[in-house]
Amino acid sequence: MDPITLLIVCPLVFLAGLVDSIAGGGGLISLTAYLLAGVPAHAALGTNKLSSSIGTLAATLRLARGGYIKLKLALPAAAGAIVGSIAGAKLALLTPAGIFEMMLIVALPIVAFAVLRKRAIDVPEDAVISTRRQYMIVALSSLAIGCYDGFYGPGTGTFMLIAFTAAAKLPVKEASGEVKVANLASNVAALITFFMHGQVWMALGLTAAVFSIAGNYLGAGMVMKNGTKIVRPIIIAVLGMLFVKVMADLAF
């Protein structure tokens, strides 16, 4: 591995883990880290899936131990996410590298705005929805958002949480477990797809995963209020760095 690549990626992935544990949106930083380091777009997405899958697995296990995951909803969510993610990843691989990289760069600030502005909706206790319809909404929203995750990724957990609460009428605490299962299934499905096409830099991804775990661990032990106010300038600064790099590349 190039030492310069490690010097760029590892601190930013650590920061991404820290941000994610405080208020979410860490994927915006971790994907940007790989692009800033000059990792090709498809490999950046695949390698980011490796480190993010490990972090999501740790979070999922923690929620499972706490009893926050209900299999009757988690299983259709995971099934939909897997199918969607594989389709999204294959679509990404079919997109020419140059076009795909520009799409990622253009989409990053848009997704950042959506993630920082939107909030999950806590459902009133008297909200009524049939179990069958709830299963259908969870499965279909996981399918659609899983496709987005396979193709791109940042903000997937936030978008799933909004769908599960606003549309499927799940309370936030209950939805969080199902979201993690669906997100983990989506990450792993996309990771396998990218790996099979040689688009995962294993050494870099595993090294970055160590820093991601460290960032998440540190962030989880910090008591912070108004987390989004802290996260927003960090994300804007990192995206600004990517914009400067892109402009410099175009100039030279």
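Predicted model, so just to flag it, every value in this text is computed and none were measured.

Moving on, we get to the pattern of salt bridges. Taken as a whole and judged by the stated rule, the model has 1 salt bridge. With a shortest N-O distance of 2.5 Å, K49 and D149 are connected by a salt bridge. One end of the pair, K49, is in helix α3 (residues 41-65); the other, D149, is in helix α6 (residues 131-151), with 100 residues separating them in the sequence. For D149, a relative accessible area of 1% puts it in the buried group.

It is worth spelling out a nonpolar patch on the surface at this point. Together, V188, I192, F195, M196, M202 and L206 make up an exposed nonpolar region whose accessible area comes to about 570 Å². Secondary-structure elements contributing two or more residues to the nonpolar patch are α8 (172-196) and α9 (202-220). Here the nonpolar patch takes 4 residues from α8, the largest share from any one element. Along the chain, the position of L206 falls in helix α9.

To describe a pair of aromatic rings, one takes the distance between the centres and the angle between the planes. Applying the stated rule across the entire model yields 3 aromatic pairs. Judged by centre distance (5.3 Å) and plane angle (90°), the rings of F100 and F151 are edge-to-face. With F100 in helix α5 (residues 97-117) and F151 in helix α6, this residue pair connects regions lying 51 residues apart in the sequence. In this structure, F100 and F151 share a single accessibility class: buried. Ring geometry for Y148 versus F159: centroids 5.7 Å apart, planes at 65°, classification edge-to-face.

What follows deals with the nonpolar core. Core analysis: the largest hydrophobic core is formed by 61 residues, its most contacted members being Y34, Y152 and F164. It is α5 that contributes the most residues to this core, 10 residues altogether. Filtering out sequence-adjacent residues up to four positions away, Y34 remains in contact with V9, V13, V39, A44, T47, N48, S51, L204, G205 and A208.

Its location among the elements puts G146 in helix α6. Relative accessible area serves as the criterion here: at 0%, G146 is assigned to the buried category. Taking the C-alpha atoms as reference points, G146 and N187, separated by 41 residues in sequence, lie 8.5 Å from one another. Look past the residues within four positions of G146 in its chain and what remains in contact with it is A81, G84, S85, S141, M160 and S186.

Our focus in this paragraph is the confidence of the model for the chain. Overall, the predicted model of the chain reaches an average pLDDT of 84, with 87% of residues at or above 70. Summarising per-element confidence for the chain, the mean pLDDT is lowest in helix α10 (residues 227-251) (70) and highest in helix α4 (residues 71-94) (95).

We now examine the packing of α3 against α8. At their nearest, the axes of α3 and α8 sit 8 Å apart, and the two run at 145° to each other. In the crossing of α3 with α8, the sense of the turn from one axis to the other is left-handed. The segment α3 lies against α8, with H42, L45, G46, K49, L50, S52, S53, T56, L57, A59, T60 and L63 engaging S176, G177, K180, V181, N183, L184, N187, V188, A190, L191 and F194. Residues belonging to the contact of α3 with α8 are distributed by class as follows: 11 nonpolar, 10 polar and 2 charged.

Our focus in this paragraph is the side chain of T47. The residue T47 is located in helix α3 in this model. Since its relative accessible area comes to 0%, T47 is described here as buried. A polar contact of 3.0 Å, which involves the side chain of T47, links it to the backbone nitrogen of W201.

One non-glycine residue with positive phi stands out, namely K169, at about 60°. Within the element layout of this structure, K169 appears in the loop between α7 (156-166) and α8. With a relative accessible area of 36%, K169 lands in the partly exposed category.

Another aspect to go through is the packing of helix α2 (residues 26-36) against α5. Viewed as axis vectors pointing N to C, α2 and α5 meet at an angle of 160°, and their least axial separation amounts to 11 Å. With respect to α5, the axis of α2 lies roughly antiparallel. Handedness of the α2/α5 crossing: left-handed. Judged by residue contacts, L28, T32 and L35 of α2 engage L104, L108, V111, A112 and V115 from α5. Its residues assigned to classes, the contact of α2 with α5 comprises 7 nonpolar, 1 polar and no charged.

Parameters at a glance
- Residues numbered from 1 in each chain as written.
- Predicted model: local features only at pLDDT ≥ 70, side-chain atom pairs only at ≥ 80, totals over all residues.
- Heavy atoms only, no water.
- Salt bridge = Lys/Arg side-chain N within 4 Å of Asp/Glu carboxyl O.
- Helix = DSSP H or I, 4+ residues; strand = E, 2+ residues; numbered from the N terminus.
- Buried < 20%, exposed > 50% of the residue type's maximum accessible area, 1.4 Å probe, protein only.
- Patch = residues over 30% accessible without salt bridge, like charges linked within 9 Å, V, L, I, M, F, W, Y side chains within 5 Å.
- Areas by Shrake-Rupley, 256 points an atom, 1.4 Å probe, with all protein chains shown as cover.
- Phe/Tyr/Trp six-rings, centres within 6.5 Å; stacked < 30°, edge-to-face > 60°.
- Core = buried A, V, L, I, M, F, W, Y, C linked by side-chain atoms within 4.5 Å.
- Contact = heavy atoms within 4.5 Å.
- pLDDT = per-residue confidence, 0-100.
- Axes fitted to C-alpha atoms, helices over the stretch in contact; angles between N-to-C directions.
- Left-handed = near helix turned anticlockwise from the far one by under 90°.
- Nonpolar A, V, L, I, M, F, W, Y, C, P; charged D, E, K, R; others polar.
- Polar contact = N/O pair within 3.5 Å; in protein donor to acceptor, adjacent residues only side chain to side chain.
- Parallel < 35°, antiparallel > 145°, perpendicular 65-115°, else oblique.

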